[in-house]
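Coordinates in review
Listed below, chain by chain, are the residues.
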Amino acid sequence: MLQIYNSLNRTKEPFKPITPGKVGLYVCGMTVYDYCHLGHARVMIVFDIVYRYLKNLGYKVTYVRNITDIDDKIIKRANKLGEPFTMVTERFIQALHEDSRTLGILTPDQEPKATEYIPQILDMIQSLIQRGHAYVAANGDVCYSVPSFPKYGQLSGKSLEDLKVGHRVEPDATKKYPFDFVLWKAAKPEEPAWDSPWGAGRPGWHIECSAMSTHCLGNHFDIHGGGADLQFPHHENEIAQSEGAYGNTFVNVWMHNGFVQIDSEKMSKSLGNFFTIREILEHYRPEEIRYFVLTSHYRSPLNYSNSQLENAKAALTRFYTALRGLDLTQVPNLDNQTQLADTTNRVIEDFRTRFHSAMADDFNTPIALAVLFDVARELNRIRNIDLNQARALGSELKQLGSILGLLQDDPEAYLQGTAITNNLTDAKILELIDQRTTARKTKNWAEADRIRDMLKNQGIVLEDNADGTSWRRL
RNA sequence: GGCUGGGUAGCAAAUUGGUUAUGCAUCGGCCUGCAAAGCCGCAGAGACCGGUUCGAUUCCGGUCCCAGCCUCCA
């Protein structure tokens, strides 16, 4: 039984979908005014895993990840560049899609954009005004009246009293109450704007997610996710808006992933201490980034460092080395064979059970990965005894890896894969290996070692084994 | 100041009231012409102080430290 940690109650709960067999999953995606950084990569990867695992359990999942394509920061950026804001958003949406594809993120079923949901946003605001949850402020903005929603603060564990004593709230004369937030922002001259019953303007930051999620998944759906920094105020406000407008429970399970940190500090735009996905891809491969993200539980902090990425690289090399040379096109059936095969079947069953109980326990990927290492060890152990059983284990390793979006490359291609810094061509390497093989036949060890050392200096590692010499790039 | 969460071996990172986490690094062995890879094994832990318990890294209390949210943020 899948257990998910629900931010709403701060406990793990058994997951029960609203409609048996189906799951509605909404994740707050990106505001597109710049390239995605590693923190965005973490959200994409974490919820990619949630999506994959739910599907693996047999659920019919509707995964919605929105794009916020109108917002103050976008306008600011467009003004700075002297471009229409749509040019900025189009460019970064394209970049987002490229990064997402590179990282092997499954495409969400729907990817709504805020600017395409203006009518639905206006409807929702209208409904909130009618129900006494919103008002038009003196400056023309439409604001949500936080005191009109008694449950406010439930998600973030804050009471209005707590917020009052919090000394970071700055009073705003246009609002009736300090924590009221803007639903519709009256446009200043030259700003992008849409017509509304309250004059030209644009949506506030939180309303678009309420409108889009409701429109795509209904006004009550299963899982809503995003980065931990969205828990308050963004998600808290979404609840106030949606439940205020429709009067029923909005979302059953709220999931929040932890931050990427650097030097024990949150990686963020405002601190300026971020690496974009593109920058990291100059030095590391996509699968290394994915592995790195999965080494830590999704709710824990993830500390970025090169040594962590190096560790990911070493781990993947170990996995692909284990899979190397195994023909997995036809998986052997080990049923009712020898006692050894029988044992292997039970071992495989045991690995599978452990992997799934790890994943079912709030998506515990570090343990799931530990199981994969155990599979790899068993595979390496058995491969010299019985190749068929090694293949069965290899097939299991690859299959479990697919649930994490890992290990789907051809092992040989991965291990010999394009090095980031270009060095020798494959043909040249093979030529040198030939020369070395000749030298070895005449026991000319000095020459053999010279070639091996020379290749090693160029980042090529040679490994002699029974059927010849294999090589890989470091 | 209010509210969360956390402090685990050289590094990273999980689980668990008593039994090997796992990966990398280190050490010993097997294998190898020598290596590498692989396998076997050793070693190494639970911030600090109390309490509960036959027994605590795990539960409870306190102290210290760290991160996050309370403002835009994934």
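Reading the values: the criteria
Residues numbered from 1 in each chain as written. Chains lettered and ligands numbered in written order. Predicted model: local features only at pLDDT ≥ 70, side-chain atom pairs only at ≥ 80, totals over all residues. Heavy atoms only, no water. Axes fitted to C-alpha atoms, helices over the stretch in contact; angles between N-to-C directions. Helix = DSSP H or I, 4+ residues; strand = E, 2+ residues; numbered from the N terminus. Parallel < 35°, antiparallel > 145°, perpendicular 65-115°, else oblique. Contact = heavy atoms within 4.5 Å. Nonpolar A, V, L, I, M, F, W, Y, C, P; charged D, E, K, R; others polar. Domains from an automatic or database assignment. Buried area = accessible area lost by both parts, 1.4 Å probe. Salt bridge = Lys/Arg side-chain N within 4 Å of Asp/Glu carboxyl O. Expected span 1.5 Å × (residues − 1). Buried < 20%, exposed > 50% of the residue type's maximum accessible area, 1.4 Å probe, protein only.

**Comments concerning the packing of helix α2 (residues 72-81) against helix α3 (residues 85-102)**
Packing of α2 against α3 leaves a shortest axis separation of 8 Å and a crossing angle of 105°. Here α2 lies roughly perpendicular to α3, going by the angle between them. Contacts from Ile74, Arg77, Ala78 and Leu81 in α2 reach Phe85, Val88, Thr89, Arg91 and Phe92 in α3. Looking at the contact of α2 with α3 residue by residue, the classes come out as 6 nonpolar, 1 polar and 2 charged.

**Focus on the domain arrangement of chain A**
When the parts of a complex come together, some accessible area is lost, and that lost area is often used as the size of the interface. For chain A, the assigned domains are domain 1 (3-262), domain 2 (306-415) and domain 3 (426-473). Distance between the C-alpha centres of domain 1 and domain 2: 39 Å. Taking both sides of the interface into account, the surface hidden between domain 1 and domain 2 amounts to around 1,000 Å²; carbon and sulfur atoms contribute 63%. In this assembly, domain 1 and domain 2 are joined by 1 salt bridge. Residue Asp361 pairs with Lys12 through a salt bridge whose shortest N-O separation is 2.8 Å.

**Section: helix α11 (residues 339-360)**
Each α-helix turn comprises 3.6 residues. Residues three or four places apart therefore point the same way. In a regular helix each residue adds 1.5 Å, so 22 residues correspond to 32 Å; α11 covers 31 Å between its end C-alpha atoms and thus fits that length. Residues Ala341, Thr344, Ile348, Phe351, Phe355, Ala358, Met359 and Ala360 constitute the buried set of α11. Buried positions along α11 lie against β1 (3-6), α1 (38-56), α12 (365-382) and α13 (387-403). At the C-terminal side of α11, Asp362 shows a positive phi close to 55°.

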